[in-house]
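Now for the letters of each chain:
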Amino acid sequence: MPIPQGYVVQTSAVDNDGSSAPVTYKLLDIRDAVTHKHADSLYKNRPRYVFLSQFYPDIDTTLALLNSIRKIVNTPAFEFNEHTGGFTFYNSSINVPLGKYEFDISATNQNGTKTYKNIGILNLVEGDVAEIDAGGSAWFQDNSSANGDTGNPPVTVQKLSPKGTLAILKIVDENGVPFNPKNNEYITRGDRSDFTTFAKFHPVIVSDTSLTCNFEITPFPYQGAAQGFTIYYRIPSKFAKFDAGWTPTSARIYSANPRFTVRLFQEGTYLITVKVPHVTRDPI
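So, how was this worked out
Residues numbered from 1 in each chain as written. Predicted model: local features only at pLDDT ≥ 70, side-chain atom pairs only at ≥ 80, totals over all residues. Heavy atoms only, no water. Pairing = 2+ DSSP bridges. Helix = DSSP H or I, 4+ residues; strand = E, 2+ residues; numbered from the N terminus. Domains from an automatic or database assignment. Contact = heavy atoms within 4.5 Å. Buried area = accessible area lost by both parts, 1.4 Å probe. Salt bridge = Lys/Arg side-chain N within 4 Å of Asp/Glu carboxyl O.

Caption draft 1: Main features of the sheet that holds strand E6 (residues 78-80). Pairing is antiparallel in the open sheet, where three strands are placed in the order E2-E7-E6. Each edge of the sheet is formed by a strand with only one pairing partner; in this case those strands are strand E2 (9-10) and E6. Bridge analysis of E2 against strand E7 (residues 87-89) gives two bridges, and the strand direction is antiparallel. In the sheet register, valine 9 faces E7, and the bridge partner there is phenylalanine 89.

What follows is the structure in structure tokens.
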């Protein structure tokens, strides 16, 4: 079965096909399906977090609380369940080479033990690092409810490193010039979700070009808010100049209002770039 690399994945239990229960399974070996050599990389111990108790995102909202219910262990990238014959793969599989792996097991019940060689194939595949979902953008006239649609902002997610748990958000104009969050060149929109809504464990770091969040656990965001996982921002009219024809007049009285939805599924350091369509950064 396909196992997305870097994900937590559980395989199905073995179908006993009428065999007398209970059945106990034992994993005998996993090999590279091409070389037929022992899969050293799968068995190699690597650090990962395990939860000691249930994680409740509405309760465990600080790093201290999060760390009180988890610890780091050094284990292989998988566990084998002797009661079900199923595998659990962990996010540390991101360090295991992609490809197919064959495995052997034995099954024991009241009638004895039987060995099954090459009973199945585990196919470690490249998993999606992120999901980019619905978005949009609009102009709003200052001190008015007048508004209009300006299209979907292109969003890209670049994985800078497999290490860490950092999301770097950069909002740029149509030419790729970043707006400056330190100068309030994009601001929150009332009760709508923004990047900081989903920063549960660390304060967001604000620079001249970006916002950075250490999200600690995947997926990020882990839990939706009132608007799901969508992030909203407003670029005030004094920083946003629209292309001709996209606003009712050429006066600088229209804010740009991008919204976008991104979720990260693997640990790592990511650059999320949101390009606001038909807008040039032009402070006045």
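Caption draft 2: Spotlight on the domain arrangement of the protein. You can read the domains of the protein as domain 1 (2-125) and domain 2 (130-281). Using C-alpha coordinates to define each centre, domain 1 is positioned 38 Å away from domain 2. The interface of domain 1 with domain 2 comprises 15 residues on the first partner and 11 residues on the second. A buried area of about 1,100 Å², summed over both sides, lies between domain 1 and domain 2, and 58% of it is on carbon and sulfur atoms. Across the contact surface, domain 1 and domain 2 share one salt bridge. For glutamate 216, the salt bridge is made with arginine 70, and the minimal N-O distance between the two is 2.6 Å.

Caption draft 3: Representation of the sheet that holds strand E19 (residues 268-275). Read from one edge of the open sheet, five strands run E12-E19-E13-E15-E14, paired in mixed fashion. Looking at the sheet topology across the chains shown, the edges are occupied by strand E12 (155-161) and strand E14 (205-206). Examined bridge by bridge, E12 and E19 share six bridges and lie antiparallel to one another. In the strand pairing of E19, serine 161 is matched with threonine 269.

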